[in-house]
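# Inside the fold
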Amino acid sequence: MAVKVTPACMGCQACLGACPEEALYMNEDGVCRVIEEKCTECGQCVDGCPVTALELPKVSSAETTVAEATENETVKPQQQDKPAEKAVQLKGELAAYQGVWVFIEQREGIVAPVSLELLGAGRQLADKLGVELCGVLLGDQVSGLVNMLYEYGADKVYLAEHPLLHFYRTETYMKIFVELVQQYKPEIILMGATTTGRDLAGAVATDLATGLTADCTGLDIDLEQRLLLATRPAFGGNIMATILCKKHRPQMATVRPKVMKMAAPVPGRRGELIISEVNLQEEKLLTKVLEIVKEQGEQVNLQEAEIIVAGGRGLGDRENFRKLCFGLAEAIGGKVGASRAAVEAGWIEQKYQVGQTGVTVAPKIYFALGISGAIQHLVGIRGSDIIIAINSDPEAPIFKECTYGIVGDVFTIVPLLIEQLKEKGGILCA
Ligand SMILES: Cc1cc2nc3c(=O)[nH]c(=O)nc-3n(C[C@H](O)[C@H](O)[C@H](O)COP(=O)(O)OP(=O)(O)OC[C@H]3O[C@@H](n4cnc5c(N)ncnc54)[C@H](O)[C@@H]3O)c2cc1C
Ligand code: SF4
Ligand code: SF4
């Protein structure tokens, strides 16, 4: 048996890279096909298909019963492989794991905003469970950040400082993080779904052999079972899946920046500091940082923007895109964003792309100019306070999601808007 490709396949090729066995290929007609002998039915490709064209073979009821029985049985020692020994698999031991941890990501002493957002979300989870909220801060000379973490909601901070933690390296950060988990046993660990957070979370979860839900957009607690309910878009954003980690601890999740609300800091709030010993020797490390090269060119930080003017294929060409999008953004004091279609057309660089494979944004106002509102775009803008759509097609899906919609031609409406805004001296965001 192998994964099945249904006629819904539109040939986007998104699944090819997801398959670790190289079991998928595109045939001459541009349709995905499976090499049955190679497919292990691991299911990794299924999630990546935006049109649900991939299906895993159905498990027969007999097989299901066996699977359920295995789930409920105690895992026998001989069934455990070495990393699995590190994780908790027995129900009785779950209670030993307590507390909600947030990995505090920092670079050159600046805390990533997502870590503060997660302290806000983590506070709510910890309060529901009646446990402590802890920040885990790793780095070199970063102790000056500790008080800020208490002010943003942490009851306790685990601090590990060492010159070899100056730059993020998977190896060093994972080692220290795993040691802390084994010593202090948290039940939940949250990390930002940034490049660093995604890398570290995967490494830590693998080493601990526990469950990780990546790229969550919602977190809650099932109080009866004391379980983390980690919700994330699946099947290219077409459904929301809530994922549980029933028998392993800690329960881990990465969360997209700008999805959770940062709590208001409480000046002067203090907590407990636990300083961890760090034993690291450069000569024993496999990875070396030779040089840090900072990206040249304009810095784009759409996640922090209060107003975004995004353009799509409806703007026609590069020149119009730049005239209308940049023109309106300048008149209103906003930043420019783009749909993937505009990026793929070469009108603007990829770092401006908003959506599932771009950035998730949450501005006060999001303008969608000539953007249809495909699900992969919408998942990146749902946190916006106000969405204003301008589109000539009244049936465009963006109109189902927007706060204000104008059915009309961008080439007529946007220049008028720019003119009016310039006359009135733009608007100021409160
Ligand atoms: C795995 C995967 C991941 C993806 N990730 C992303 C992502 O991160 N971000 C993203 O944006 N897309 C993503 N996509 C692509 C997405 O599915 C859409 O193809 C894309 O968002 C369409 O971009 P668009 O709205 O600019 O173009 P179109 O869908 O072509 O829409 C153009 C719109 O402009 C309107 N229009 C045309 N002329 C005018 C005019 N003169 N005035 C006003 N309106 C006009 C049309 O009515 C139409 O609604 C992804 C797709 C896949 C398969
Ligand atoms: S189920 Fe796994 S092995 Fe099979 S095609 Fe999909 S990713 Fe490849
Ligand atoms: S991701 Fe889905 S639609 Fe795209 S090629 Fe693969 S099976 Fe076809």
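What comes next concerns the included structure. Everything quoted here is computed from the prediction, not taken from an experiment. (Residues numbered from 1 in each chain as written. Chains lettered and ligands numbered in written order. Predicted model: local features only at pLDDT ≥ 70, side-chain atom pairs only at ≥ 80, totals over all residues. Heavy atoms only, no water.)

Turning our attention to the site of ligand 1. Surrounding ligand 1, one finds 26 residues, the nearest of these being Arg313, Ser339, Thr357, Ser372 and Gln376. Within the side chain of arginine 313, an N or O atom sits 2.6 Å from an oxygen atom of ligand 1. Between an oxygen atom of ligand 1 and a main-chain N or O atom of glutamine 356, the distance comes to 3.0 Å. Protein chains bury 81% of the 980 Å² of accessible surface belonging to ligand 1 in isolation. Counting residues per element, the ones that place at least two in the shell around ligand 1 are α9 (340–344), α10 (375–378) and α12 (410–423). Among the residues forming the shell around ligand 1, the class breakdown is seven nonpolar, 15 polar and four charged. (Near = heavy atom within 4 Å. Polar contact = N/O pair within 3.5 Å; in protein donor to acceptor, adjacent residues only side chain to side chain. Areas by Shrake-Rupley, 256 points an atom, 1.4 Å probe, with all protein chains shown as cover. Helix = DSSP H or I, 4+ residues; strand = E, 2+ residues; numbered from the N terminus. Nonpolar A, V, L, I, M, F, W, Y, C, P; charged D, E, K, R; others polar.)

A word on the sheet that holds strand β19 (residues 365–369). Taken together, the five strands give an open sheet; going across it, the order is β18-β17-β19-β20-β21, and neighbouring strands pair in parallel fashion. Edge positions in the open sheet fall to β18 (335–338) and β21 (404–407), since each of these has one partner strand only. On average, each strand axis in the sheet is inclined to that of its neighbour by 15°, with strand direction left out of account. Two strands pair when backbone bridges link them, and strand β20 (residues 386–391) and β21 are joined in this way by four bridges, in the parallel orientation. Residue pairing in the sheet places isoleucine 388 in a bridge with tyrosine 404 of β21. Lying over the sheet, α12 contacts β19, β20 and β21, oriented at roughly 130° with respect to β20. (Pairing = 2+ DSSP bridges. Axes fitted to C-alpha atoms, helices over the stretch in contact; angles between N-to-C directions. Contact = heavy atoms within 4.5 Å.)

Taken together, 13 residues lie near ligand 2, and Cys19, Cys39, Cys42, Gly43 and Cys45 sit nearest. When its residues are assigned to classes, the shell around ligand 2 shows eight nonpolar, three polar and two charged.

A separate point is the environment of glutamine 106. Tracing the backbone shows glutamine 106 in strand β6 (residues 106–107). Assessed through its relative accessible area of 12%, glutamine 106 is described here as buried. Taking the C-alpha atoms as reference, glutamine 106 lies 9.8 Å from histidine 166; in sequence the two are 60 residues apart. Aside from chain neighbours lying at most four places away, what touches glutamine 106 is Val111, Ala112, Leu137, Leu138, Gly139, Val142, Leu145 and Tyr173. Of the polar contacts made by the side chain of glutamine 106, one reaches the backbone nitrogen of glycine 109; its length is 3.0 Å. At 3.1 Å, the side chain of glutamine 106 and the backbone oxygen of leucine 138 are in polar contact. (Buried < 20%, exposed > 50% of the residue type's maximum accessible area, 1.4 Å probe, protein only.)

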